[in-house]
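# Summary of structural features
Below are the chains, spelled out letter by letter.
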Amino acid sequence: MTLASSPLRRLLPDAVLLFVAILWGGSYLATQDLAMASSAAAVMCARFVPSAVILLSLSLARPRTTLRESALPGILLGSLRAATIALETIGVTLTSATNAGLIIALSILLIPILESALTRRRLSPALIGSILLALAGIALLVSGNGFVAFNLGDGLILIAAATRALLGVAEARFTMGRDADVLGLTTVEITFGAIIFAIWGGSSLMEHMPDFTATNWLVVAYLVLGCTIVAFLGQLWATKQTSASRAGMLLGTEPGWALLAGVLIAGDRIGPLGYAGAAILLFATWWGARAERRWRAEGIGSPREDSPVPENAT
């Protein structure tokens, strides 16, 4: 049995996506804490500018490096990424963690729907069932402390769910079945976002940096190295190995990890319903991954599935 066909090789993209979901799950609490010490704009600047510098250094250090082929798709992905991060960062400071977790989870449902529309293939009943079950699990998981009225923050998170779904589909279309340069794409993507956030939040960051504590700088390091560089590279690589729908299901466990971080670090309590929701979410993710694998395998070779994006899209 070769490495390419081994069970470990097949499970690696799933493991990477789950790790990314864990990293992003912790980013909610980290972002809230850092935003309290500065501002939402400063947090985005502190997160993206160092990330862009590190990735540019890595890209330029490679032999025969060229970012030209990654420029157009990278800017498109960077626009969607920047919009999603901005909406989530601002939204999470204006609403409750309960509402944010529920609303952002809608991207789980939107990604397969968008991919189904692009490929002109109907979702299988099992995949639809697993998506709905995952949403039910997330609803139970994050509703332990009750719901509050819909507000501006909720609206921003709702838009973020839509842009995140578009980002997931776009990443799959630009990478699956192609010799895509993952590092190049991520570098252009993050650099584009860094330019936007430097203009937006640079002055605010410079104003608050002198007052940052050691804990604040550790949070910055976590957001830069873990939630941005490692997570974005890992997500793009794993999506290249699988599909947008499957990636969306695995990344959709993020609200559960966010709540777990709140329970273990911030001392939040979720109650029996929360633990029941966690169990349902884990089962739905396992079921959805199996259902999506069968749905995708049945569509291999279909001209409709391969046709939505032209070969020169990258």
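Calculation rules
- Residues numbered from 1 in each chain as written.
- Predicted model: local features only at pLDDT ≥ 70, side-chain atom pairs only at ≥ 80, totals over all residues.
- Heavy atoms only, no water.
- Helix = DSSP H or I, 4+ residues; strand = E, 2+ residues; numbered from the N terminus.
- Contact = heavy atoms within 4.5 Å.
- Phe/Tyr/Trp six-rings, centres within 6.5 Å; stacked < 30°, edge-to-face > 60°.
- Buried < 20%, exposed > 50% of the residue type's maximum accessible area, 1.4 Å probe, protein only.
- Salt bridge = Lys/Arg side-chain N within 4 Å of Asp/Glu carboxyl O.

### Digging into the side chain of Gln235
Position of Gln235 relative to the elements: it lies in helix H9 (residues 214-241). Non-local contacts of Gln235, meaning those with residues more than four positions away in its chain, are made with Leu17, Val20, Trp24, Arg81, Glu171 and Leu251.

### A word on unusual backbone geometry
At Arg120, a residue that is not glycine, the phi angle is positive and equals roughly 60°. Its place among the elements puts Arg120 in the loop between helix H5 (106-119) and helix H6 (125-142).

### A look at the packing of aromatic side chains
Evaluation of the coordinates by the stated rule reveals six aromatic pairs. Geometrically, the ring pair formed by Phe48 and Phe232 is tilted, given 6.3 Å between the ring centres and 55° between the ring planes. Placement of the pair is Phe48 in helix H2 (residues 40-61) and Phe232 in helix H9, with a sequence separation of 184 residues. Relative accessible area serves as the criterion here: at 0%, Phe48 is assigned to the buried category.

### Details of the pattern of salt bridges
In total, this model carries five salt bridges according to the counting rule given. The shortest N-O distance in the salt bridge between Glu171 and Arg81 comes to 2.8 Å. Of this pair, Glu171 sits in helix H7 (residues 152-175) while Arg81 sits in helix H3 (residues 68-92); the two residues are 90 residues apart in sequence, bridging distant segments of the chain. Linking Arg81 and Glu189 is a salt bridge whose minimum nitrogen-to-oxygen distance equals 2.6 Å. Of this pair, Arg81 sits in helix H3 while Glu189 sits in helix H8 (residues 182-208), and the two are 108 residues apart along the sequence.

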